[in-house]
Amino acid sequence: MHTFTRTVEVDGCSTIHTLHLTVTPAYNVSDSRTVCPSALPYVWNGVTFNEAGTQSVTLNAANGCDSIMTLNLTVTPTPEATVTATSDTICAGDEVTLQAQTAPQNVSIGDIMCTDGTFVKYEDWPVPGKTAKGVVFYVDNTGEHGWAVHLQDQSTSGVAWGDYTYDIPSLQNYSYSRNVIYDLDGYSNTQIIRSTGDANTYPAAYLVDFDNGWYLPAIGQLRILFSNYSTVNYSIMAAGGTSFQTDNYDYLSSTENNAGLVWRLYGGGNLTLTGKNYTEVKIRSVRSF
């Protein structure tokens, strides 16, 4: 508040005039909002937006002054999504997990997979608001679908594949290393193993987060993962995960050989058979996208 005083003389007498002046502020307010195309036309304070942009409106504030309010409106495009199944082939009575994925994604090996289903390039990480969950190690010829490996081991020792006295009838046996590399369906393998017993009889298959799409990889998938481990490792470390060590590379697969043996990948990408009750082996899950 400002005070102004003026003295006026009339007929020899002095008169004092005092003015108390209060200046109330005018307000400039900016706001940003994001809407979907379905929200258009978007009406804000009497102003209609038919598309993204910035508009201002002058309003009379409570103090009687004109105030300017500005809105910056962003319209996000409606994504085109595809729905894929975690397994291409199922039998009557089986269940399959469907996954919605925005497309095209132009995914590459080494991309970081986030919990919201999006992918971020290694050189662009980190991204505010994104949480990493895995790293892509295989992409098919569409550039949109493939496999990602978890950022962390689910076990480094102490967990066995499972019952070493029973050959699961519906789980295909692979006897030779020359054809075992063609077993690429870890999801179906894990599903069959879990349907055969519980966490006590088949602990490895129950250690993975199967309900959210993660499964025990087939030996062929592990082999492909190892062939790209250098690229994958850079992204795993960038995302805060546990990288693969070539001198301690020893991972269990979901691929069965017979009642007592399963396949694992160790060392420099070597395929070997190991007992289903063997526990000195690591477990790391993968998932399809």
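It should be noted that the structure appears before, not after, this text.
Quick caveat, the model's predicted, so the values are computed rather than measured.

**Some details on the pairing of strand E16 (residues 261-266)**
Then, number 1: Judged from the four bridges that link them, strand E15 (residues 250-256) and E16 form a sheet pairing that is antiparallel. Along E16, the bridge assignment pairs Asp250 with Tyr266.
Then, number 2: In sequence, E15 turns back onto E16 through a hairpin of four residues.
Then, number 3: Where E16 meets strand E17 (residues 270-275), six bridges bridge the pair, whose relative direction is antiparallel. Directly across from Val262, in E17, lies its bridge partner Thr274.

**Remarks on helix H5 (residues 229-238)**
Then, number 1: Residues of H5 that are buried include every one of Val232, Asn233, Ser235 and Ile236, and no others.
Then, number 2: On its buried side, H5 packs onto strand E10 (112-114), strand E12 (132-139), strand E13 (146-150) and helix H4 (219-227).
Then, number 3: Positive phi appears at Gly240, one or two residues downstream of H5, with a value of about 85°.

**Describing the sheet that holds E15**
Then, number 1: Read from one edge of the open sheet, three strands run E15-E16-E17, paired in antiparallel fashion. Where the open sheet ends on each side, the last strands, each with one partner, are E15 and E17. Within the sheet, the average angular offset between the axes of one strand and its neighbour, ignoring direction, is 35°.
Then, number 2: Its contacts with the sheet put H4 on E15, E16 and E17, and the angle it makes with E16 is roughly 5°.

**Some details on the packing of aromatic side chains**
Two aromatic rings are characterised by how far apart their centres lie and by the angle between their planes.
Then, number 1: Scanning the entire structure with this criterion turns up twelve aromatic pairs.
Then, number 2: Between Phe119 and Phe289, the aromatic rings sit 4.8 Å apart at their centres with planes inclined by 55°, giving tilted as the arrangement. With Phe119 in strand E11 (residues 119-120) and Phe289 in the segment after strand E18 (286-288), this residue pair connects regions lying 170 residues apart in the sequence. Like Phe119, the residue Phe289 is buried in the burial classification.
Then, number 3: Counting every residue linked through ring pairs, the aromatic cluster contains Phe226, Tyr229, Phe244, Tyr249 and Tyr251.
Then, number 4: Directly above the ring of Trp214 sits Arg287, whose terminal nitrogen or CZ lies 5.8 Å from the centroid.

Conventions adopted
- Residues numbered from 1 in each chain as written.
- Predicted model: local features only at pLDDT ≥ 70, side-chain atom pairs only at ≥ 80, totals over all residues.
- Heavy atoms only, no water.
- Pairing = 2+ DSSP bridges.
- Helix = DSSP H or I, 4+ residues; strand = E, 2+ residues; numbered from the N terminus.
- Buried < 20%, exposed > 50% of the residue type's maximum accessible area, 1.4 Å probe, protein only.
- Contact = heavy atoms within 4.5 Å.
- Axes fitted to C-alpha atoms, helices over the stretch in contact; angles between N-to-C directions.
- Phe/Tyr/Trp six-rings, centres within 6.5 Å; stacked < 30°, edge-to-face > 60°.
- Lys NZ or Arg CZ within 6 Å of the ring centre and 35° of its normal.

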